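Given next are the chains, with one letter for each unit.
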Protein chains: 2
Amino acid sequence: MKAVVIREGETDPRVTTVPDPEPDAGEALVRTLRVGIDGTDHEVVEGAHGGYPEGESYQILGHEAVGVVVDANGTDVEEGQLVVPTVRRPPLGQDSNTYFERGEPDMAPDDAYVERGIVGAHGYMCEFFTSPVEFLVPVPASFATYGFLVEPLSNAEKALEHAIATRSAFEWEPEAAFVLGNGPLGLLTLAMLEQERGRYATFSRTYCLGRRDRPDPTVDLIERLESTYVDSRETPVAEMASAYEPVDFVFEATGYARHPFESIDALAPNGVAALLGIPEDWTFDVDGGRLHRELVLRNKALVGSVNSNVEQFERAKRSLGAFPEWFPDALVTGVYPPDSAADAFADDRGNEAAIKTVVEFATR
Amino acid sequence: MKAVVIREGETDPRVTTVPDPEPDAGEALVRTLRVGIDGTDHEVVEGAHGGYPEGESYQILGHEAVGVVVDANGTDVEEGQLVVPTVRRPPLGQDSNTYFERGEPDMAPDDAYVERGIVGAHGYMCEFFTSPVEFLVPVPASFATYGFLVEPLSNAEKALEHAIATRSAFEWEPEAAFVLGNGPLGLLTLAMLEQERGRYATFSRTYCLGRRDRPDPTVDLIERLESTYVDSRETPVAEMASAYEPVDFVFEATGYARHPFESIDALAPNGVAALLGIPEDWTFDVDGGRLHRELVLRNKALVGSVNSNVEQFERAKRSLGAFPEWFPDALVTGVYPPDSAADAFADDRGNEAAIKTVVEFATR
């Protein structure tokens with residue numbers, strides 16, 4: 001079958017032919033519809049992240065997928081069912097472990113998982129893939145086009161859940177939320193926060209940080225979501241409180257290393273910053289005394305969050321299903337056939353007008 | 001009556017005579033037994049913290065008290081009842097506000113409270129004090145000697161509660177806890193963690209950081225609590241994981257500004273650091289990129305915590321009541337009459353053998 005892979009020693013994705021996968025006992029065979037590209041995929045391609053599946057010199061890319069079950073292989077999933085696969089799996093040679101048994105592979109330490117398409121396991125950017133059925137989240141037929149967004153959105157759902165938990169020991173009434181980043185994860189988060197109103201907490205006002213001149217498609221999208229665009233060149237995060245207002249919730253989705261520190265100043269008393277972005281090493285000065293004191297005297301919290309579990313996929317599914325119809329249309333700016341996957345990666349990284357790029361293997 | 005005060009323009013506590021307090025409607029009159037001294041009291045004395053009560057040129061010190069109700073003044077508290085007063089009150093001229101109505105004055109922002117003995121209100125280091133009865137936590141008669149420890153311990157209880165909350169979105173099974181600081185708050189926390197076993201979470205192993213040569217009374221106390229003493233001169237916090245083990249819970253009780261940053265490295269995956277110490281400004285280098293990434297990829301959290309509410313006083317009361325009898329005896333190393341309050345402050349700060357110092361107004 002056709003697959004988009006990164007080969008050892010190379011730094012560009014290429015389309016190649018690999019053996020068709022065969023489902024093991026407990027696994028179903030899925031025909032891939034669409035696979036999204038995100039920042040982690042670029043890191044995998046550039047060799048800065050992840051590791052090849054054991055004993056292989058290439059890795060099939062992609063971890064944001066939607067597909068159709070074509071062979072249930074004796075499992076209880078229905079053939080023809082649309083599914084979104086989760087990302088983490090037990091390490092090679094382990095059937096399971098504590099974290100997977102609890103349904104919390106997202107909380108597993110480094111040696112207790114591999115990640116499909118990211119580290120130690122093949123991804124979904126290929127015509128067919130197999131998976132144990134407990135890692136296939138069923139989605140409605142209407143999700144064929146945008147169901148691949150469930151995975152990135154599930155990461156935002158998890159971060160929100162953990163951030164809300166940090167504030168659960170008291171009566172927290174957040175009003176203002178500030179999403180750092182107008183990339184796909186930031187924009188999905190912004191849409192989720194709108195959708196979350198009333199479920200966890202009502203954010204009366206949301207803000208989204210970017211670094212773009214108008215006219216810009218992401219700024220348009222932010223404003224269409226009834227959020228306020230904050231240009232970081234005019235308003236650094238640390239000045240958010242004086243320029244707009246102190247915010248109850250910060251959601252860091254850029255990986256800019258200074259953001260967690262600057263967020264402490266952006267937060268209102270009792271606020272929390274959820275961190276999702278993944279920066280490189282970078283040493284710089286901070287007034288650590290002041291930041292430490294501010295955390296203490298104003299009961300503030302920082303919480304890191306990575307990956308997501310099936311429950312959070314289910315939440316993301318509900319959020320995505322409730323998004324306004326125009327939103328995913330506006331978010332997904334590039335759809336490429338697998339043969340043009342290299343162009344898809346190049347466009348996703350290099351084109352300012354690109355928001356979310358997807359590789360399409362089939363439409364249904 | 002006799003009171004220990006700090007006067008405007010002075011930096012030493014002095015004993016003076018002030019008018020006897022008169023209870024307002026809803027307030028009881030309390031005869032003071034004992035009032036502890038802590039780091040915040042030293043800061044108040046040194047003028048680095050707090051503010052004088054409106055319109056006054058002196059402040060009565062002390063916020064860790066235990067006393068006996070001598071005039072119920074028509075309230076439903078019994079005369080002769082032993083009580084521990086909480087610290088925060090609504091600002092002058094406010095009967096209450098949202099935070100006090102919720103029973104969460106500890107979560108109030110700066111302009112929504114004063115603190116008795118600390119900022120904007122007189123403390124308890126005097127023969128009698130008055131308080132609305134809802135801020136008087138009844139304690140058993142056996143608490144006459146050590147009941148003043150309920151207040152500092154309640155701060156540790158709050159920090160623990162908030163830290164546990166940050167980990168409530170998943171199944172957290174902490175094993176190792178690391179208390180930073182062998183001052184009274186650190187040692188009370190260590191005793192509390194022993195006591196907490198089974199209530200929230202079992203810490204199979206605890207560690208306590210200090211900077212003292214043996215023989216030392218705090219090291220003895222740590223070891224008598226069956227905890228492990230960690231000498232920060234040999235094992236900096238950031239090296240805890242390699243020198244001993246990565247820990248699930250860090251409890252920062254020193255106010256050393258670098259600790260929150262170093263704690264990120266001391267934590268095991270999914271760990272949390274609770275911050276209670278209050279540092280001065282201090283700018284230094286951190287590898288912010290690495291620390292940010294570590295928070296994210298290993299689901300770690302930092303949570304600041306200040307003050308405490310009646311519920312947390314109640315918990316502290318239960319913890320204190322369950323401490324081994326030798327513990328408060330070993331903790332309280334200096335008992336001074338009010339006329340020697342200046343010596344009490346000097347000894348508390350200057351004497352290496354001093355752990356917790358208390359001013360005693362009466363014994364029952």
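Above this text you will find the structure in question.
The structure displayed is predicted, hence computed values, not measured ones.

(A) Spotlight on the sheet that holds strand β9 (residues 120-121) of chain B. Residue and element names in this part refer to chain B. The strand order across the open sheet built from three strands is β7-β8-β9, with neighbouring strands paired in mixed fashion. Because the sheet does not close on itself, it has two edges, and the strands there are β7 (88-89) and β9. As paired strands, strand β8 (residues 114-116) and β9 are joined by two bridges and run parallel to one another. In the strand pairing of β9, Glu115 is matched with Gly120.

(B) Representation of the relation of the copies chain A and chain B in the model. If you rotate chain A by 180° and push it 0.0 Å along the axis, it lands on chain B with an RMSD of 0.0 Å. Read as a symmetry element, the transformation amounts to a two-fold axis. Every residue of chain A has its C-alpha some distance from the rotation axis, and the shortest such distance is that of A:Thr166, at 1.9 Å. Of all interface residues in chain A, 100% are interface residues in chain B too; the two copies therefore contact each other through one and the same surface.

(C) Just helix α5 (residues 217-224) of chain A, in detail. All names here are of chain A. If you check which residues of α5 are buried, you get Thr218, Val219, Leu221 and Ile222. Taken down its axis, α5 places every buried residue within 160° of arc, on the same side. Just past α5, the residue Glu226 takes up positive phi, approximately 65°.

(D) Structural context of the side chain of A:Asn299. Residue position: A:Asn299 is located in the loop between α8 (288-297) and β18 (301-304). Within polar-contact distance, the side chain of A:Asn299 engages the backbone nitrogen of B:Val306 at 3.2 Å. Contact partners of A:Asn299, with chain neighbours within four places excluded, come to A:Arg167, A:Asn270, A:Gly271, A:Glu294, B:Asp106, B:Met107, B:Lys158, B:Gly304, B:Ser305 and B:Val306.

(E) Up close: unusual backbone geometry. Between A:Arg214 and A:Pro215 the backbone carries a cis peptide bond, its omega angle lying at -5°. By the element assignment, A:Pro215 lies in the loop between β13 (205-210) and α5. Even without a glycine there, the phi angle at A:Asn307 is positive, about 60°. Positive phi, close to 55°, is recorded for B:Asn73, a residue that is not glycine. With relative accessibility at 29%, the residue B:Asn73 sits in the partly exposed group.

(F) View of the nonpolar core. Core analysis: the largest hydrophobic core is formed by 111 residues, its most contacted members being A:Phe249, A:Phe251, A:Phe327, B:Phe249, B:Phe251 and B:Phe327. Ignoring any residue separated from it by four or fewer positions in sequence, one finds B:Phe251 in contact with B:Ala156, B:Ala159, B:Leu160, B:Phe178, B:Val179, B:Leu180, B:Thr189, B:Met192, B:Ala274 and B:Leu276. In this structure, A:Ala176, A:Leu295, B:Ala273 and B:Val306 belong to the second largest nonpolar core, which totals 48 residues.

(G) Structural view of the packing of helix α7 (residues 259-266) of chain A against α8(A). Residue and element names in this part refer to chain A. Running from amino to carboxyl end, α7 crosses α8 at an angle of 50°, the nearest separation of the two axes being 10 Å. As the angle between them shows, α7 and α8 are arranged oblique. Relative to α8, the crossing made by α7 is left-handed. Residues Phe261, Ile264 and Asp265 of α7 form the contact with α8, whose own contacting residues are Arg290, Leu291, Glu294 and Leu295. Class assignment of the residues belonging to the contact of α7 with α8 gives a composition of four nonpolar, no polar and three charged.

(H) Representation of the packing of helix α3 (residues 150-166) of chain B against helix α9 (residues 310-322) of chain B. All names here are of chain B. For the pair α3 and α9, interaxial distance at closest approach is 8 Å and the crossing angle is 110°. Taken together, α3 and α9 sit at an angle that is classed as roughly perpendicular. From α3, Val150, Glu151, Leu153, Ser154, Glu157, Lys158, Glu161 and His162 reach across to α9, where they touch Gln312, Phe313, Arg315, Ala316, Lys317, Ser319 and Leu320.

(I) Structural detail: the pattern of salt bridges. Per the counting criterion, the structure on display carries 48 salt bridges over all chains. One salt bridge connects A:Arg14 with A:Glu10, and the closest N-O pair in it is separated by 2.8 Å. A residue is classified by how much of its surface remains accessible, and A:Arg14, at 35% relative accessible area, is partly exposed. Residue classification places A:Glu10 among the partly exposed residues on the basis of a relative accessible area of 24%. Its salt-bridge partner being B:Glu115, residue B:Arg88 comes within 2.8 Å of it at the nearest N-O pair. With B:Arg88 in strand β7 and B:Glu115 in strand β8, this residue pair connects regions lying 27 residues apart in the sequence. Exposure remark for B:Arg88: the relative accessible area of 2% places this residue in the buried category. Overall, the relative accessible area of 8% leaves B:Glu115 in the buried class. Taken together, the salt bridges that share partners define one network made up of A:Asp110, B:Glu294, B:Arg298 and B:Lys300.

(J) Summary view of the packing of aromatic side chains. All names here are of chain A. The final tally for this structure, using the stated rule, is 23 aromatic pairs over all chains. Centre to centre, the rings of Phe203 and Phe249 are 5.6 Å apart; their planes meet at 25°, and the pair counts as stacked. Within this pair, whereas Phe203 is found in the loop between α4 (184-196) and β13, its partner Phe249 is found in strand β15 (residues 247-252), the two being separated by 46 residues in sequence. Given the relative accessible area of 1%, Phe203 is considered buried. On the basis of relative accessibility, which here comes to 1%, the residue Phe249 falls in the buried class. If you follow Arg102 out to its NZ or CZ, it ends over the ring of Tyr99, 5.7 Å from the centre.

(K) Spatial organisation of the sheet that holds strand β14 (residues 228-231) of chain B. With mixed pairing, the 12 strands of this open sheet are ordered in space as β14(A)-β13(A)-β12(A)-β15(A)-β16(A)-β18(A)-β18(B)-β16(B)-β15(B)-β12(B)-β13(B)-β14(B). Looking at strand neighbours, the two that pair on one side only are β14 (228-231) of chain A together with β14 of chain B, the edges of this open sheet. Pairs of neighbouring strands in the sheet enclose a mean axial angle of 20°, with direction left out of account. Direction of pairing for strand β12 (residues 176-180) of chain B relative to strand β13 (residues 205-210) of chain B: parallel, over a ladder of five bridges.

(L) Up close: the environment of A:Trp326. All names here are of chain A. By the secondary structure assignment, Trp326 is in helix α10 (residues 326-331). Sequence separation of Trp326 and Leu221 is 105 residues, and the distance between their C-alpha atoms is 9.6 Å. Non-local contacts of Trp326, meaning those with residues more than four positions away in its chain, are made with Leu221, Arg224 and Leu225.

(M) Layout of the interface of chain A and chain B. Taken together, the contact pairs 56 residues of chain A with 56 residues of chain B. Summing the contributions of chain A and of chain B, the shared interface buries around 4600 Å²; its carbon and sulfur component is 54%. Looking only at chain A, the three residues that lose the most surface to chain B are A:His292, A:Val296 and A:Asn299, adding up to 13% of its buried area. Our enumeration of links across chain A and chain B arrives at eight salt bridges. Put simply, B:Asp110 and A:Arg298 hold a salt bridge, and the shortest N to O gap is 2.4 Å.

(N) Region of interest: the environment of B:Gln195. All names here are of chain B. Positionally, Gln195 belongs in helix α4 (residues 184-196). The exposure class assigned to Gln195 is partly exposed, which follows from its relative accessible area of 28%. It is 15 Å that separates the C-alpha atoms of Gln195 and Leu149, two residues lying 46 residues apart in sequence. With near-sequence residues (within four places) excluded, Gln195 lies in contact with Ser319, Ala322 and Phe323.

Conventions used here
- Starting from 1, residues in each chain are numbered consecutively following that chain's sequence as written.
- Following the order in which they are written, the chains are lettered starting with A and the ligands numbered starting with 1.
- Local features in this predicted model are restricted to residues of pLDDT 70 or higher, and side-chain atom pairs are both shown and tallied only at a pLDDT of 80 or more, whereas totals for entire chains, interfaces and linings draw on every residue.
- Think of the side-chain values as coming from all heavy atoms in the structure, minus any hydrogens and water.
- Any two strands are treated as partners once DSSP identifies two or more bridges connecting them.
- By the criteria applied, helices consist of DSSP H or I runs no shorter than four residues and strands consist of E runs no shorter than two, each listed in order from the N terminus.
- Least-squares superposition aligns the copies on the C-alpha atoms of those residues with pLDDT at or above 70 in both.
- By definition, residues are in contact when any of their heavy atoms lie within 4.5 Å.
- Exposure classes here rest on a 1.4 Å probe applied to the protein chains alone. A residue is buried below 20% of its type maximum, exposed above 50%, and partly exposed in between.
- This arc is built from the directions going out from the helix axis to the C-beta atoms.
- By the criterion applied in these results, polar contacts are pairs of N or O atoms within 3.5 Å in which, for protein atoms, one can donate a hydrogen and the other can accept it, and in which residues neighboring in sequence qualify only through two side-chain atoms.
- Put simply, a nonpolar core is a bunch of buried Ala, Val, Leu, Ile, Met, Phe, Trp, Tyr and Cys residues held in one set by side-chain atoms that sit within 4.5 Å of each other.
- Axis angles are defined between N-to-C directions and span 0 to 180 degrees, where every axis is a line fitted to C-alpha atoms and, for a helix, only to the segment in contact.
- In what follows, roughly perpendicular refers to angles from 65 to 115 degrees, roughly parallel to angles under 35, roughly antiparallel to angles over 145, and oblique to any angle outside these ranges.
- By convention the crossing between two helices is left-handed if the near helix lies anticlockwise of the far one by an angle smaller than a right angle, and right-handed if it lies clockwise.
- Only Asp, Glu, Lys and Arg are considered charged, only Ala, Val, Leu, Ile, Met, Phe, Trp, Tyr, Cys and Pro nonpolar, and every remaining residue, Gly among them, polar.
- Salt bridge, as applied in this entry: a Lys or Arg side-chain nitrogen positioned within 4 Å of an Asp or Glu carboxyl oxygen.
- Here a Phe, Tyr or Trp ring, Trp counted by its six-membered ring, pairs with any other such ring whose centre lies within 6.5 Å, and the pair is stacked when the planes are under 30 degrees apart, edge-to-face when over 60, and tilted otherwise.
- We call a charge positioned over a ring when the NZ of a Lys or the CZ of an Arg lies within 6 Å of the ring centre and within 35 degrees of the ring normal.
- Buried area is calculated as the accessible area (1.4 Å probe) missing from two parts once they are joined, with the contributions of both summed.

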